[in-house]
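# Structural features, examined
These are the residues of each chain, in order.
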2 protein chains.
Amino acid sequence: MLPPADGDPGRLVEAMRYSLLAPGKRIRPLLGMAAAETVGPLDDDVRLACASVELIHCYSLIHDDLPAMDDDDFRRGRPSNHKAFGEATAILAGDALLTLAFDWIAEAGERAGHPGRYLRAARALAQGAGVRGMVRGQARDLGAPPPTTLEALEVLHGEKTAALFEASLRVGALAAGAAPEAVAALARYGTAYGIAFQHADDRDDAEHAEHAGAARARLGTLIDQACATVAPFGAAGARLVEFARALLR
Amino acid sequence: MLPPADGDPGRLVEAMRYSLLAPGKRIRPLLGMAAAETVGPLDDDVRLACASVELIHCYSLIHDDLPAMDDDDFRRGRPSNHKAFGEATAILAGDALLTLAFDWIAEAGERAGHPGRYLRAARALAQGAGVRGMVRGQARDLGAPPPTTLEALEVLHGEKTAALFEASLRVGALAAGAAPEAVAALARYGTAYGIAFQHADDRDDAEHAEHAGAARARLGTLIDQACATVAPFGAAGARLVEFARALLR
């Protein structure tokens with residue numbers, strides 16, 4: 001689905017592959033697929049739509065690491081994209097991955113013969129990723145003083161992290177043809193999961209340590225909320241319950 | 001359609017508006033709308049889909065101007081986005097505009113009640129803008145020596161400039177419900193127009209001057225090709241003929 005690496009001017013495709021195929025948990029597509037499984041068995045079109053969320057996540061890491069942003073030389077123990085390929089190629093690789101996400105989700109929708117479902121999924125992805133979601137959170141984080149309250153911290157986590165998790169769940173649910181109420185419930189799971197995910201991440205990295213005690217309590221509450229939200233799906237929601245509970249470890 | 005500028009963390013929306021609402025010819029949406037008019041009267045959904053191409057064009061200018069790319073301090077006589085808002089916000093504003101393009105095109109499709117048309121349009125936009133089109137051209141341009149032949153110059157122009165023009169025409173035609181053969185003809189117009197546009201731009205800026213003579217001849221040929229491609233549309237294609245002929249001036 002990525003173009004072949006031969007004839008790759010500016011090492012663009014190589015840079016895209018470098019970050020996209022780096023080891024990772026692929027938690028966003030997995031959650032999208034788990035959301036789709038609450039509706040019925042998975043197919044390759046739904047899988048492709050869910051995978052598109054990983055492209056968004058991957059681009060955001062490349063751009064986040066840039067010198068003008070977080071200025072990180074390493075990402076998971078390997079040189080960050082701009083250290084390996086230079087800043088210009090890293091910017092373009094991020095742009096290309098972001099754009100490719102919408103190519104994939106549209107391709108999936110054309111193949112599936114359910115354009116309405118996938119168009120709604122594409123919109124959910126754009127809204128979670130963009131100026132109302134993830135990018136807004138990144139802008140909020142820029143040079144701002146650390147949040148002084150748990151509420152302010154959760155606003156930041158909500159935009160920067162949870163909006164894309166919510167989009168993952170929406171994409172999977174919409175592509176699979178879930179009913180509107182089911183999509184809404186799965187989206188609520190995504191929001192709760194995303195904030196809990198970030199609290200767990202802060203715990204593991206000892207970030208925002210001044211809120212550690214309150215965040216630990218919230219983590220448990222959010223996981224309970226997430227699980228309660230998908231309880232009506234019964235056995236079909238078991239995987240989502242599992243994912244949420246795993247954040248406690 | 002852009003969120004209000006109040007409560008704008010990191011001045012993200014302000015930065016988006018700064019570049020998007022700067023004076024410009026809006027030639028890409030205008031060509032998309034002209035393509036749509038070969039099918040029938042315009043409506044607001046088709047217009048919104050065509051406008052999404054301007055978001056892509058705008059983001060590409062912001063990222064192109066960054067210090068790691070072309071390092072331009074000015075854009076049309078005003079400070080470039082990163083000079084006005086800082087590099088980090090400029091990167092994010094570009095990312096947000098790129099993402100918003102797919103929000104708009106999906107919104108238009110949902111409203112229009114023709115999801116299949118707009119999903120195909122979204123895919124055409126992603127393909128013209130991304131790793132197979134515009135971004136590939138930008139990567140090719142990075143630090144490469146200037147093209148030594150007119151053919152190599154047109155490969156660069158084809159990716160960097162014409163791919164997005166082709167997408168403009170496809171988006172307008174697909175959203176309006178054009179038949180596949182009409183979409184193909186309009187796409188060919190877009191490619192010819194785009195390369196001609198860049199030759200005309202080089203002429204006006206005295207760029208790639210070593211190819212100026214050959215490029216001048218090709219400009220005329222490409223304009224003739226573009227016009228011939230839309231001749232079968234008769235009066236409905238008159239606006240496209242006008243746009244192409246205007247490049248001669």
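## Focus on the overall build of chain A
Looking only at helices and strands, one finds 11 helices and two strands in chain A. Helices and strands appear in chain A in the N-to-C order α-α-α-β-β-α-α-α-α-α-α-α-α. Against the globule reference of 18 Å for 249 residues, chain A gives a C-alpha radius of gyration of 18 Å, in line with a compact fold. Dimensions along the principal axes, computed over C-alpha positions, put chain A at roughly 50 × 50 × 30 Å. Burial statistics for chain A: of 249 residues in total, 57% are counted as buried. Of the contacts made within chain A by residues no fewer than 6 positions apart, 66% connect residues no fewer than 24 positions apart.

## A few points about the relation of the copies chain B and chain A
Screw-axis analysis of chain B against chain A gives a translation of 0.0 Å along the axis, an RMSD of 0.0 Å, and a rotation angle of 180°. Taken together, the turn and the small shift mark the pair as related by a two-fold rotation axis. Comparing interface residues between copies, 100% of those in chain B also lie at the interface in chain A; the contact surface is shared.

## Some thoughts on the environment of Asp202 of chain A
Residues and elements named next belong to chain A. Topologically, Asp202 is positioned in helix 9 (residues 180–205). Linking Asp202 and Arg216, residues 14 residues apart in sequence, is a C-alpha distance of 9.8 Å. Among all residues touching Asp202, those that are not within four sequence positions of it are Glu207, His208 and Ala215.

## Let's talk about helix 8 (residues 150–175) of chain B
Residues and elements named next belong to chain B. The largest bend in helix 8 amounts to roughly 50° and is located at Ala162. Within helix 8, 20 of the 26 residues are buried, which leaves it mostly tucked inside the rest of the structure. In the segment just after helix 8, Gly177 is the residue with positive phi, at about 85°.

## Re the interface of chain B and chain A
Opposite the 45 residues of chain B that make contact, chain A presents 45 residues. Among the elements of the structure, helix 1 (12–20), helix 5 (87–112), helix 6 (115–129) and helix 7 (134–141) of chain B are those that each provide at least two residues to the side of chain B that touches chain A. Considering every element that reaches the side of chain B that touches chain A, the biggest residue donor is helix 5 of chain B, with 16 residues. Class assignment of the residues belonging to the side of chain B that touches chain A gives a composition of 26 nonpolar, nine polar and 10 charged.

## Some remarks on helix 3 (residues 44–65) of chain A
Under the 1.5 Å per step criterion, the end-to-end length of helix 3 of chain A is 32 Å for 22 residues, consistent within 8% with the ideal 32 Å. In terms of burial, helix 3 of chain A is largely enclosed, as 20 of its 22 residues are buried.

## Observations regarding the packing of helix 5 of chain B against helix 6 of chain B
Residue and element names in this part refer to chain B. Between helix 5 and helix 6, whose axes approach to 8 Å, the crossing angle comes to 165°. In terms of orientation, helix 5 and helix 6 fall into the roughly antiparallel class. Read as a crossing pair, helix 5 and helix 6 show a hand that is right-handed. Of the residues in helix 6, those touching helix 5 at Ala101, Phe102, Ile105, Ala106, Ala108, Gly109, Glu110 and Ala112 are Pro115, Arg117, Tyr118, Leu119, Ala121, Ala122 and Leu125. Taken together, the residues of the contact of helix 5 with helix 6 break down into 12 nonpolar, one polar and two charged.

## Remarks on the packing of helix 9 of chain A against helix 10 (residues 212–230) of chain A
All names here are of chain A. At a minimum axis distance of 8 Å, the contact between helix 9 and helix 10 shows a crossing angle of 155°. Comparing their axes, helix 10 and helix 9 come out roughly antiparallel. Judged by the twist between their axes, the crossing of helix 9 over helix 10 is left-handed. The residues of helix 10 that touch helix 9, namely those facing Ala185, Arg188, Tyr189, Ala192, Tyr193, Ile195, Ala196, His199, Ala200, Asp202 and Arg203, are Ala212, Ala215, Arg216, Arg218, Leu219, Leu222, Ile223, Gln225, Ala226, Thr229 and Val230. In terms of residue class, the contact of helix 9 with helix 10 is made up of 14 nonpolar, three polar and five charged.

## Details of unusual backbone geometry
Residue and element names in this part refer to chain B. One non-glycine residue with positive phi stands out, namely Arg11, at about 55°. In this fold, Arg11 is placed in the segment before helix 1. The partly exposed category is assigned to Arg11, around which 19 C-beta atoms lie within 10 Å. Of note, Arg26 is a non-glycine position whose phi angle comes to about 55°, a positive value. Positionally, Arg26 belongs in the loop between helix 1 and helix 2 (27–37). The partly exposed category is assigned to Arg26, around which 14 C-beta atoms lie within 10 Å.

## Details of the nonpolar core
The tendency in soluble globular proteins is for nonpolar side chains to be buried as a group. Residues Ala122 and Leu125 of chain A together with Ala122 and Leu125 of chain B are the most contacted members of the largest nonpolar core, which totals 172 residues. Setting aside residues no more than four positions away along its own chain, Ala122 of chain B makes contact with Phe102, Ala106 and Ala122 of chain A together with Phe102, Ile105 and Ala106 of chain B.

## Concerning the environment of Arg188 of chain A
Locating Arg188 of chain A in the fold gives a position in helix 9. On the basis of neighbour counts, which here come to 17 C-beta atoms within 10 Å, the residue Arg188 of chain A falls in the partly exposed class.

## Topic: the confidence of the model for chain A
With 98% of its residues at a pLDDT of 70 or more, chain A shows a mean pLDDT of 95. This complex was scored by the predictor with a pTM of 0.97 and an ipTM of 0.97.

## Topic: the environment of Leu247 of chain A
With respect to the helices and strands, the residue Leu247 of chain A is situated in the segment after helix 11 (238–246). For Leu247 of chain A, the contacting residues outside a window of four places in its chain are Ala196, Phe197, Ala200, Leu219 and Ile223 of chain A.

Reading the values: the criteria
Residues numbered from 1 in each chain as written. Chains lettered and ligands numbered in written order. Predicted model: local features only at pLDDT ≥ 70, side-chain atom pairs only at ≥ 80, totals over all residues. Helix = DSSP H or I, 4+ residues; strand = E, 2+ residues; numbered from the N terminus. Rg over C-alpha atoms; globule rule 2.2 N^0.38 Å. Buried ≥ 20, exposed ≤ 12 C-beta atoms within 10 Å, placed from the backbone. Contact = placed C-beta atoms within 7 Å. Least-squares fit on C-alpha atoms with pLDDT ≥ 70 in both. Bend = angle between axes of the 7 residues up to and from the residue. Nonpolar A, V, L, I, M, F, W, Y, C, P; charged D, E, K, R; others polar. Expected span 1.5 Å × (residues − 1). Axes fitted to C-alpha atoms, helices over the stretch in contact; angles between N-to-C directions. Parallel < 35°, antiparallel > 145°, perpendicular 65-115°, else oblique. Left-handed = near helix turned anticlockwise from the far one by under 90°. Core = buried A, V, L, I, M, F, W, Y, C linked by C-beta atoms within 7 Å. pLDDT = per-residue confidence, 0-100.

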